[in-house]
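A look at the structure
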Amino acid sequence: ENHLGVLPPPGALWAAAGLVADAVAAAARPKGAAGGAQGVPARDCIDTAAMATKDPTAVERANLLNMAKLSIKGLIESALSFGRTLDSDYPPLQQFFVVMEHCLKHGLKVRKSFLSHNKTIWGPLELVEKLYPEAEEIGASVRDLPGLKTPLGRARAWLRLALMQKKMADYLRCLIIQRDLLSEFYEYHALMMEEEGAVIVGLLVGLNVIDANLCVKGEDLDSQVGVIDFSMYLKNEEDIGNKERNVQIAAILDQKNYVEELNRQLNSTVSSLHSRVDSLEKSNTKLIEELAIAKNNIIKLQEENHQLRSENKLILMKTQQHLEVTKVDVETELQTYKHSRQGLDEMYNEARRQLRDESQLRQDVENELAVQVSMKHEIELAMKLLEKDIHEKQDTLIGLRQQLEEVKAINIETYQKLQGSEDGLKEKKKK
């Protein structure tokens, strides 16, 4: 197809296929071999040489080449005028496979065994897998097909799959280049060993414009009889009129198929729209249910928020009252501590003064000194008790301070929870 998506005329395709055939024949010709007069195509030189020498094998090759030309040309022209994908029942396509089978069988060596003489084209076609890695898939597909019992049936299936892949020319081109490997299967005068084979391979390139959909799996390829129908290539006036009628019928069938396909697409579109409407209704009801659930959740969250606020206010009031009471207690204890400390200082100073007086009078009044010593011991005991009381009060003060810090932490945590709940409520209201 060109850049506008339109196929060129069949004559242009056939001329291009002829040029490709000349190029393939020139590439497949051994070095030093003459390819005819200068400026004359290789396919014309082959026909002229065959007619000049009157060699039976050369005549056979020329006949097969001419039949291949007619078959490929007729298949391309009829397929393009047909304008649809070809199937297995299309007569020109069936004759093309028969002609290709005869071309591949020409000059094939007979493989002798103990029971029979085997002469099949599956051997050289199976060789393509080793020469062309992309052909491994088609070979595996042919071997996996059920119902194929003979090598000839596998070869026919291989040709049909290669045509559907549009790679028959590529596969056979890599095969005819390796003549040393082909010599194991073909005689030296076989079509695949001579330039006629290269010309046919070049003509096969034109088949890439054909779309074929062949049901290979259910077709009986083992028992088919390959007979060339020459009546397809011998045309008269009635055949031309029938061809025109067939073209008109094909056009009507195309229109019918187009209308049926359009109707099928419209039906599928309507059904898809119905299913889409059903799914939208289901999703709408689901969204309504989810909206009701979301509203209920919002109401519950609002109630929880109100309850948390009231609880937070109560906690704040209790904390403030507790802080005030604690503050009063701490101030009272502090004043008491200050007074007791002042009294202790005075008592300590008085004791020291008495101690000095008694020390000065020690030698004079020993009895009085003993009394003073006992008084001193009592004073020291009282001081220890006072110090112990002071330490206990200090521990109590530290505990009260720790409680004050804990109350502050509780206050802060409560405030953060309140702030987080307000933020969550705001986000839910935004959603």
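Residues take numbers from 1 onward in each chain, read along the sequence in its written order. Totals for whole chains, interfaces and linings use every residue, but because this is a predicted model, local features are given only for residues with pLDDT of at least 70 and side-chain atom pairs only at 80 or more, for both listing and counting. For the side-chain quantities, the full set of heavy atoms in the structure was used; hydrogens and water were omitted.

1. Thoughts on the overall build of the protein chain
Our working rule: In DSSP terms, a helix is any run of H or I states spanning at least four residues, a strand is any run of E spanning at least two, and both are numbered starting from the N terminus. Working definition: with a 1.4 Å probe on protein chains only, accessible area under 20% of the residue-type maximum means buried, over 50% means exposed, and in between means partly exposed. Any two residues having at least one pair of non-hydrogen atoms within 4.5 Å are treated as being in contact.
Helix and strand content of the protein chain: 12 helices and two strands. Mapped from its N terminus to its C terminus, the protein chain presents α and β elements in the order α-α-α-α-β-β-α-α-α-α-α-α-α-α. Taking all 431 residues of the protein chain together, 28% fall into the buried category. If you take every contact in the protein chain between residues at least 6 apart in sequence, the share linking residues at least 24 apart comes to 74%.

2. Section: the nonpolar core
Cut-off, in case you're wondering: To qualify as a nonpolar core, a set must consist of buried Ala, Val, Leu, Ile, Met, Phe, Trp, Tyr and Cys residues joined through side-chain atoms within 4.5 Å.
In terms of nonpolar packing, the biggest core is built from 64 residues, with L93, F96, W158, M168, Y186, L204 and L207 touching the most fellow members. Elements that contribute at least two residues to this core include exactly α3 (56-82), α4 (91-105), α5 (122-131), α6 (136-144), α7 (151-165), α8 (168-177) and α10 (195-203). By residue number, the principal contributor to this core is α3, which donates nine residues. Aside from chain neighbours lying at most four places away, what touches L207 is I72, L75, I76, F96 and L163.

3. Brief notes about the UniProt feature "coiled-coil region" (unreviewed entry) in the protein chain
Stated precisely, the cut-off is as follows: UniProt positions are given in the numbering used here, feature names are shortened, and annotations may be inferred rather than shown by experiment.
The feature "coiled-coil region" (unreviewed entry), as given by UniProt, occupies residues 277-311 and 348-403 in the numbering adopted here. Its end C-alpha atoms 50 Å apart, residues 277-311 is made of 100% helix and 0% strand.

4. Considerations on the pattern of salt bridges
Our working rule: Criterion for a salt bridge: a side-chain nitrogen of Lys or Arg within 4 Å of a carboxyl oxygen of Asp or Glu.
Under the definition given, this model contains 15 salt bridges. Among the salt bridges present, the one from K105 reaches E101, with a minimum N-O distance of 3.0 Å. One end of the pair is K105 and the other is E101, both in helix α4 and four residues apart, which spans about a single turn. One network of salt bridges, in which partners are shared, links E101, K105 and R156.

5. Focus: the confidence of the model for the protein chain
Detailed reading of predicted coordinates is not advised where the pLDDT is low. Put simply, the test is: pLDDT is defined as a per-residue confidence score from the predictor, taking values between 0 and 100.
On average, residues of the protein chain score 80 in pLDDT, and 82% of them reach the 70 mark or higher. Every residue in residues 1-13 is under pLDDT 50, and counting partners more than four places away or in other chains gives 10 contacts. In this model residues 30-52 is a low-confidence stretch, pLDDT under 50, and it forms 30 contacts with partners more than four residues away in sequence or in other chains.

6. Focus: the packing of aromatic side chains
Where we set the bar: Each aromatic pair joins two rings of Phe, Tyr and Trp (for Trp, the six-membered one) with centres within 6.5 Å, and gets the label stacked for planes under 30 degrees apart, edge-to-face for over 60, and tilted for any other angle.
Summed over the entire model, instances satisfying the criterion amount to three aromatic pairs. Aromatic side chains F96 and F97 sit 5.5 Å apart centroid to centroid with 55° between the ring planes, which places their arrangement in the tilted category. For F96, a relative accessible area of 1% gives the class buried. Exposure remark for F97: the relative accessible area of 4% places this residue in the buried category. Here Y132 and Y171 contribute two aromatic rings whose centre-to-centre distance is 5.3 Å and whose plane-to-plane angle is 75°, an arrangement assigned as edge-to-face.

7. Quick word on α7
Since one α-helical turn is 3.6 residues long, residues separated by three or four positions face the same way. Our working definition: Expected helix span is taken as 1.5 Å per residue step, with the number of steps being one fewer than the number of residues.
With 15 residues, α7 ought to run about 21 Å at 1.5 Å a step, and its terminal C-alpha atoms sit 21 Å apart, in line with that. For α7, the secondary structure elements touched by its buried residues are α4, α5, α6 and α8. The first or second residue beyond α7 is K166, which carries a positive phi of 60°.

8. Considerations on α10
Along α10, nine of the nine residues are buried, which leaves the element largely enclosed by surrounding structure. Turning to α10, its buried residues number three or more, namely E195, E196, G197, A198, V199, I200, V201, G202 and L203.

9. Points about the environment of S183
Note the threshold: For this analysis, a polar contact is any N or O atom pair within 3.5 Å, provided that within protein one partner can donate a hydrogen and the other can accept it, and provided that sequence-adjacent residues contribute only side-chain to side-chain pairs.
The residue S183 is located in the loop between α9 (179-182) and α10 in this model. By relative accessible area, which is 28% here, S183 ends up partly exposed. Placed 59 residues apart in sequence, S183 and P124 show a C-alpha to C-alpha distance of 9.8 Å. Ignoring sequence-local partners within four residues, the contact set of S183 consists of K109 and M193. Side-chain polar atoms of S183 contact the backbone oxygen of D180, separated by 2.6 Å.

10. Things to note about the side chain of E196
Its place among the elements puts E196 in helix α10. Residue E196 is classed as buried on the basis of its relative accessible area, which comes to 5%. Within the structure, E196 has its side chain in polar contact with the side chain of R61 (distance 3.3 Å).

11. Side note on the packing of α3 against α10
Here is the rule we go by: In this analysis, axes come from line fits to C-alpha atoms, helices being fitted only over the stretch in contact, and the angle between any two N-to-C directions falls in the range 0 to 180 degrees. Here the word oblique covers every angle except those under 35 degrees (roughly parallel), over 145 (roughly antiparallel) and from 65 to 115 (roughly perpendicular). All amino acids are sorted into three groups, where Ala, Val, Leu, Ile, Met, Phe, Trp, Tyr, Cys and Pro are nonpolar, Asp, Glu, Lys and Arg are charged, and the leftover types, Gly among them, are polar.
The contact between α3 and α10 brings their axes to 10 Å, and the two run at 5°. Here α3 is positioned roughly parallel relative to α10, judged by the angle of their axes. Within the contact between the two elements, α3 uses R61, L65, A68, K69 and I72 and α10 uses E196, V199, I200 and L203. The residue inventory of the contact of α3 with α10, partitioned by class, reads six nonpolar, no polar and three charged.

12. Quick notes on the packing of α5 against α8
Running from N to C, α5 and α8 cross one another at 90°; their axes reach a closest spacing of 9 Å. By the angle between their directions, the pair α5 and α8 is classed as roughly perpendicular. Of the residues in α8, those in contact with P124, L125, L127, V128 and L131 of α5 are Y171, L172, C174 and L175. The residue makeup of the contact of α5 with α8, split by class, is nine nonpolar, no polar and no charged.

13. Thoughts on the environment of L163
Following the sequence through the fold, L163 ends up in helix α7. For L163, a relative accessible area of 4% puts it in the buried group. Taking the C-alpha atoms as reference, L163 lies 7.8 Å from L207; in sequence the two are 44 residues apart.

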